[in-house]
Amino acid sequence: STHRFGVGKAELNYPEGAVDFIKNNKISGNMFNTYSFGGYLNFALYPEYKTFIHGAALEFENTDSVWLYKYYLQVNTGEISYKEASGKYNINFFLLNHTNSTAENLIVKISHDPDWKLVYLDHNALIFLKNDEINSKIIDKYGIEIGITDKIPDLFSDKNLAPYDRAFAYNALG
């Protein structure tokens, strides 16, 4: 369960492992991230990295804010191609919450695109990295082949994770 009693941040709700992966591997460039991760990502990665979207971005009286959130949703649903968005905003990696149904369509599409490689996966987050020369060393070292479950690291061994969390993560990848 992601609900705990006490003070502090609930580590199961935030992409701590993904943030560590980004920092440790010095992944460069712009990210496209899940909306609900944005505030934590700003806290953990700013100023070296800037989020694509975060919770404070949605102000209904601000038309730019509403436009950005709508654009984000359209990329997730496929109304706007993630390829178009990644080109327009020079996206080098997608950091997505695979337990969030909003990202499901986007995850499925990217996972079948050879221009992107899954390099990180845990109980709530995954990272797809642009498959290019700049990222080749990271991809060679951490690339996860989708559909080959014995090549997926056992990132779900935490006994505090419910079995459905593990299943949801694997299911998100098809």
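All of the points below concern the structure found in this document. (Residues numbered from 1 in each chain as written. Predicted model: local features only at pLDDT ≥ 70, side-chain atom pairs only at ≥ 80, totals over all residues. Heavy atoms only, no water.)

Notes on the environment of V75
Within the secondary structure, V75 sits in helix 3 (residues 63-77). With a relative accessible area of 1%, V75 lands in the buried category. Placed 30 residues apart in sequence, V75 and N105 show a C-alpha to C-alpha distance of 9.3 Å. When near neighbours in sequence (up to four residues on either side) are disregarded, V75 contacts F32, I80, Y82, A85 and L106. (Helix = DSSP H or I, 4+ residues; strand = E, 2+ residues; numbered from the N terminus. Buried < 20%, exposed > 50% of the residue type's maximum accessible area, 1.4 Å probe, protein only. Contact = heavy atoms within 4.5 Å.)

A few points about the sheet that holds strand 4 (residues 125-130)
With mixed pairing, the four strands of this open sheet are ordered in space as 1-2-4-3. The open sheet has two edge strands with one neighbour each: strand 1 (30-33) and strand 3 (116-121). Sheet twist, expressed as the average angle between the axes of neighbouring strands with direction ignored, equals 25 degrees. Packing against the sheet, helix 5 (residues 104-111) makes contact with strand 1, strand 2 (91-97), strand 3 and strand 4, and its axis sits at approximately 135 degrees to strand 2. (Pairing = 2+ DSSP bridges. Axes fitted to C-alpha atoms, helices over the stretch in contact; angles between N-to-C directions.)

Examining the packing of helix 1 (residues 16-25) against helix 2 (residues 38-45)
As a packed pair, helix 1 and helix 2 sit with axes 11 Å apart at the nearest point and diverge in direction by 40 degrees. The orientation of helix 1 with respect to helix 2, classified from their angle, is oblique. Between helix 1 and helix 2 lies a crossing whose hand is right-handed. When helix 1 is examined against helix 2, the residues E16, V19, I22 and K23 are found in contact with a partner set consisting of Y40, L41, A44 and L45. Split by residue class, the contact of helix 1 with helix 2 holds six nonpolar, no polar and two charged. (Parallel < 35°, antiparallel > 145°, perpendicular 65-115°, else oblique. Left-handed = near helix turned anticlockwise from the far one by under 90°. Nonpolar A, V, L, I, M, F, W, Y, C, P; charged D, E, K, R; others polar.)

Some details on the nonpolar core
Membership of the largest hydrophobic core comes to 22 residues, with the highest contact counts inside it found for F32, V75, F94, L96, L106, I110 and F128. Of all elements in the fold, only helix 3, helix 4 (82-88), strand 2, helix 5, strand 3 and strand 4 reach the threshold of two or more residues within this core. Once residues within four sequence positions are removed from consideration, L106 is found in contact with F32, V75, N76, Y82, F94 and L96. In this structure, L45, F93, A125 and I127 belong to the second largest nonpolar core, which totals 21 residues. (Core = buried A, V, L, I, M, F, W, Y, C linked by side-chain atoms within 4.5 Å.)

Quick word on the pattern of salt bridges
Pairing between side chains becomes possible if they bear opposite charge and their charged atoms approach one another. Under the counting rule described, the total for this entry stands at one salt bridge. Its salt-bridge partner being D113, residue K83 comes within 3.6 Å of it at the nearest N-O pair. With a gap of 30 residues between them, K83 in helix 4 and D113 in the loop between helix 5 and strand 3 connect regions that are remote in the sequence. Look at K83 and you get partly exposed, because its relative accessible area is 47%. For D113, a relative accessible area of 7% gives the class buried. (Salt bridge = Lys/Arg side-chain N within 4 Å of Asp/Glu carboxyl O.)

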